[in-house]
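Residue-level listing of the chains:
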Amino acid sequence: MALDERDRSHPGQGPLLPGAPLGAPDGTDREEDWYETQAAVVSDRWTAAGLDALLRGPFAHVAPGGRHTAPLLGVAASLAQEHLECFGPDSDPLAPVPLPESLDALAGALRAAPLVQSLTAALDRPETADEPLVRLALAVGLLLESPDTPGGALIEGPAAVVLREGAPGELAGLGLDLLGSLLAQLAEDEETAEEYRGEHLSKLYFLYQEAGTAQSVARQAALQDAWIVPPSYVPVTAVRTPASGPYELPDPETLSALTGLPGLTEDDRAELRPGAAVLARVIDRLAGLGVTERTGDTFTLTPLGHALLREGLLLGTANLPDVDPDTFPTEEAVRAWDGGRLVAAAQWWPSGAARKTLGDWLSGRGADGWSELLAALADTPAGQDAARRRALLGLLDAAAAPVPAWETLLDGPALGEHAAHTLRALGHRADSARVPEAARATYLADRFEEIRLTAALAHRMAEGPDTADGGEGEVTEPYHALYAAFDEAAAGWPGGGQALVTALAVADPYEVPPVLEQLSRHPDTAVAEEARRALRALRAEAHARPTGRAKGAETASRGRPQAGKRSKKKRKRH
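Residues numbered from 1 in each chain as written. Predicted model: local features only at pLDDT ≥ 70, side-chain atom pairs only at ≥ 80, totals over all residues. Heavy atoms only, no water.

Another aspect to go through is the overall build of the protein. Along the backbone of the protein there are 26 helices and 5 strands. Counting over 574 residues, the protein shows a buried share of 49%. A fraction of 66% describes how many contacts in the protein between residues 6 or more apart in sequence connect residues 24 or more apart. Split by element, the accessible area of the protein, about 26100 Å² in all, is 52% carbon and sulfur. (Helix = DSSP H or I, 4+ residues; strand = E, 2+ residues; numbered from the N terminus. Buried < 20%, exposed > 50% of the residue type's maximum accessible area, 1.4 Å probe, protein only. Contact = heavy atoms within 4.5 Å. Areas by Shrake-Rupley, 256 points an atom, 1.4 Å probe, with all protein chains shown as cover.)

In structure tokens, the structure reads:
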């Protein structure tokens, strides 16, 4: 550990901690073999006497045959398992996460955490510390029970030296030890008990996936209670909860706005309150270690939290041949990628993280960067990921791009009309004669899907409780805007509405079926019939298509709810 840390000067250069065996940290032969291997490496470099001094001193908590297995190994193994369950091997890179500015900043953040400050104070007078704090200090080796005194008096352990004098690499290991031990305490405490093993660490891994994007306690509690929260719904309501103090679940109206579930009542709020309270308590307890922070209903990981989880993921997956360390990139590493690699990865990231990373990547590259990135987007092959890649255009500051970069795209079959529309919106001339008909159809497919989705979500939120629950409340047609946009486009399309339906089906057979489903109810019977015919043909093609999973396909719902592990809970079907 010390050699590895000594040779590194920046958090982006690889793991702070050496690879460890994957699996439960239960004293297995494989784990013992790993420790022996590490010991052999160090003894070859530092002599047996030096190794003995290290394993009896600052590294006693990882010495072979020690009384306690390092908690960090449990965290690392569980994080690796979470990652493999979510994405499988050979997955696309996760979004880069906000990290401390330097290794010294990481060390300083850990030492400054309120819980660590309390532990530091307990080292001087352990007899005055409360029982949970003492248990935590014992678990990570900050305190030891002296074998030389009656009753096993508490004395400083080897980790105390690491806390006071350790280098950042050692402190990262101590931080993961503390995180693992604190999670174990939370799992056992009545007010923060887990419903399934590893639940709390699973929450942290979810936050890591979100790459610093703030989350709602209420929304996450609804997901964890298996409420059917619309995945594409983006909450826009400002939450009226106290910025500090005990958590307060928002009122039913705000709760509906946060979750995208219309017509929630006080009974629904009461049902959700226990789960939300537990989640808030877990987040607040972890905030004591400096890994999370909460303001009212909003919470996220801190840079220290991201750094510790990243180290745990690197450590836990180090010996897995199908997991590349680049799966957990830093912001600095991503800035060195080429445009094609960035586009391939960013399509799976949360929109906020993708927007920031794309902007950072472009900021240092000038006009050449824009040309490279737009060319990579235009080169997207047809398939089920094409629409997701095109959606990255909406995350760019289009006005910052040089006009020639957009003009170059006009002839392309994928983004020609997207480029023409952008140029017109910015007040520039676009030569429509250069734009292929396929590009026009692709642009309209994206536009119609956006209109359809917006209308569906607006209609959902406008429903009354009776209608939302499947009752006989009044139902209005929510897709007038889609029909109007389609009719406007069809008026200028060669062959009219029926020909436009056919062109849409060809443009993106993966994205367009939901649009065709609504067009099958179009007031123009000829359009409706053509939409039904095209939809039947696309479904037949999909049924005949090979079922092999495309790489990354399972990441389409990144940040998935953990409801699968709560199969016995009812699902709220608003």
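With 78% of its residues at a pLDDT of 70 or more, the protein shows a mean pLDDT of 83. This stretch, residues 20-25, has a pLDDT under 50; its non-local contacts, to residues over four places away or in other chains, come to 19 contacts. A low-confidence stretch, residues 548-574 stays under pLDDT 50, and its non-local contacts, those more than four residues away or across chains, total 72 contacts. (pLDDT = per-residue confidence, 0-100.)

Our focus in this paragraph is the sheet that holds strand S3 (residues 215-216). Read from one edge of the open sheet, 3 strands run S3-S5-S4, paired in antiparallel fashion. The strands lining the two open edges of the sheet, one partner per strand, are S3 and strand S4 (292-295). Helix H12 (residues 266-287) contacts S4 and strand S5 (298-301) of the sheet and is inclined by roughly 125 degrees relative to S4. (Pairing = 2+ DSSP bridges. Axes fitted to C-alpha atoms, helices over the stretch in contact; angles between N-to-C directions.)

Next up on the list: the pairing of S4. By the alternation rule, side chains of S4 split into Thr292 and Arg294, which are all buried, and Glu293 and Thr295, of which none is buried. Alignment of S4 against S5, held across 4 bridges, turns out to be antiparallel. Paired with Glu293 across the bridge in S5 is Thr300. Turn length for the S4-S5 hairpin, with the two strands adjacent in sequence and antiparallel, is 2 residues, and the turn residue Gly296 shows positive phi of about 65 degrees.

Attention shifts here to the packing of aromatic side chains. Applying the stated criterion to the full structure yields 2 aromatic pairs. Taken together, a centroid distance of 6.4 Å and an interplanar angle of 40 degrees make the contact between Trp337 and Trp349 tilted. Taken together, the residues Trp337 in the loop between helix H14 (331-335) and helix H15 (339-346) and Trp349 in the loop between H15 and helix H16 (351-363) connect sequence positions 12 residues apart. Here Phe448 and Phe486 contribute two aromatic rings whose centre-to-centre distance is 6.0 Å and whose plane-to-plane angle is 50 degrees, an arrangement assigned as tilted. Linking Phe448 in helix H21 (residues 437-462) with Phe486 in helix H23 (residues 480-491), this pair joins segments that are 38 residues apart in sequence. Classification of Phe486 by relative accessible area gives buried; the value is 0%. (Phe/Tyr/Trp six-rings, centres within 6.5 Å; stacked < 30°, edge-to-face > 60°.)

Scanning the entire structure with this criterion turns up 23 salt bridges. Lys203 is the partner of Glu199 in a salt bridge, and the nearest nitrogen-oxygen pair spans 3.0 Å. Of this pair, Glu199 and Lys203 both sit in helix H9 (residues 199-209), 4 residues apart, which is roughly one turn of that helix. Neither Glu199 nor Lys203 differs from the other in exposure class; each is buried. As a salt-bridge pair, Arg294 and Asp284 come within 2.8 Å of each other at their nearest N and O atoms. Here Arg294 is found in strand S4, whereas its partner Asp284 is found in helix H12, with 10 residues between them in sequence. Residues joined in a network through salt bridges with shared partners are Arg390, Asp446, Asp508 and Glu511. (Salt bridge = Lys/Arg side-chain N within 4 Å of Asp/Glu carboxyl O.)

Remark: helix H3 (residues 71-87) packs on helix H8 (residues 168-188), axes separated minimally by 7 Å, with the N-to-C direction vectors making an angle of 80 degrees. With respect to each other, H3 and H8 are oriented roughly perpendicular. Taken together, the residues of H8 that come into contact with H3 (itself represented by Pro71, Leu72 and Val75) are Gly173, Leu176, Asp177, Leu179, Gly180 and Ser181. Here the contact of H3 with H8 is composed, by residue class, of 5 nonpolar, 3 polar and 1 charged. (Parallel < 35°, antiparallel > 145°, perpendicular 65-115°, else oblique. Nonpolar A, V, L, I, M, F, W, Y, C, P; charged D, E, K, R; others polar.)

A few words on helix H26 (residues 525-544). The end-to-end C-alpha separation of H26 is 29 Å, in line with the 28 Å expected for 20 residues at 1.5 Å each. Of all the residues in H26, the buried ones are Val527, Ala528, Glu530, Ala531, Ala534, Leu535 and Leu538. Buried residues of H26, viewed axially, fall in a sector of 160 degrees; they line one side. Structural note: H26 exposes Thr525, Arg539, His543 and Ala544 on the side pointing more than 90 degrees away from its buried face. Buried residues belonging to H26 abut H23, helix H24 (496-507) and helix H25 (513-519). N-capping of H26 is provided by Asp524, with a side-chain oxygen placed 2.9 Å from the backbone N of Ala526. (Expected span 1.5 Å × (residues − 1). Arc of directions from axis to C-beta. Polar contact = N/O pair within 3.5 Å; in protein donor to acceptor, adjacent residues only side chain to side chain.)

Turning next to the environment of Ala184. Tracing the chain through its elements places Ala184 in helix H8. According to the relative accessible area criterion, Ala184 is partly exposed, its value standing at 39%. Sequence separation between Ala184 and Leu201 is 17 residues, and the spatial gap between their C-alpha atoms is 9.8 Å.

Right, let's get into the side chain of Gln347. With respect to the helices and strands, the residue Gln347 is situated in the loop between H15 and H16. There is a polar contact of 3.0 Å between the side chain of Gln347 and the backbone oxygen of Ala344. In this structure Gln347 touches Asp385, Arg388, Arg389 and Leu392, once residues within four positions along its chain are discounted.

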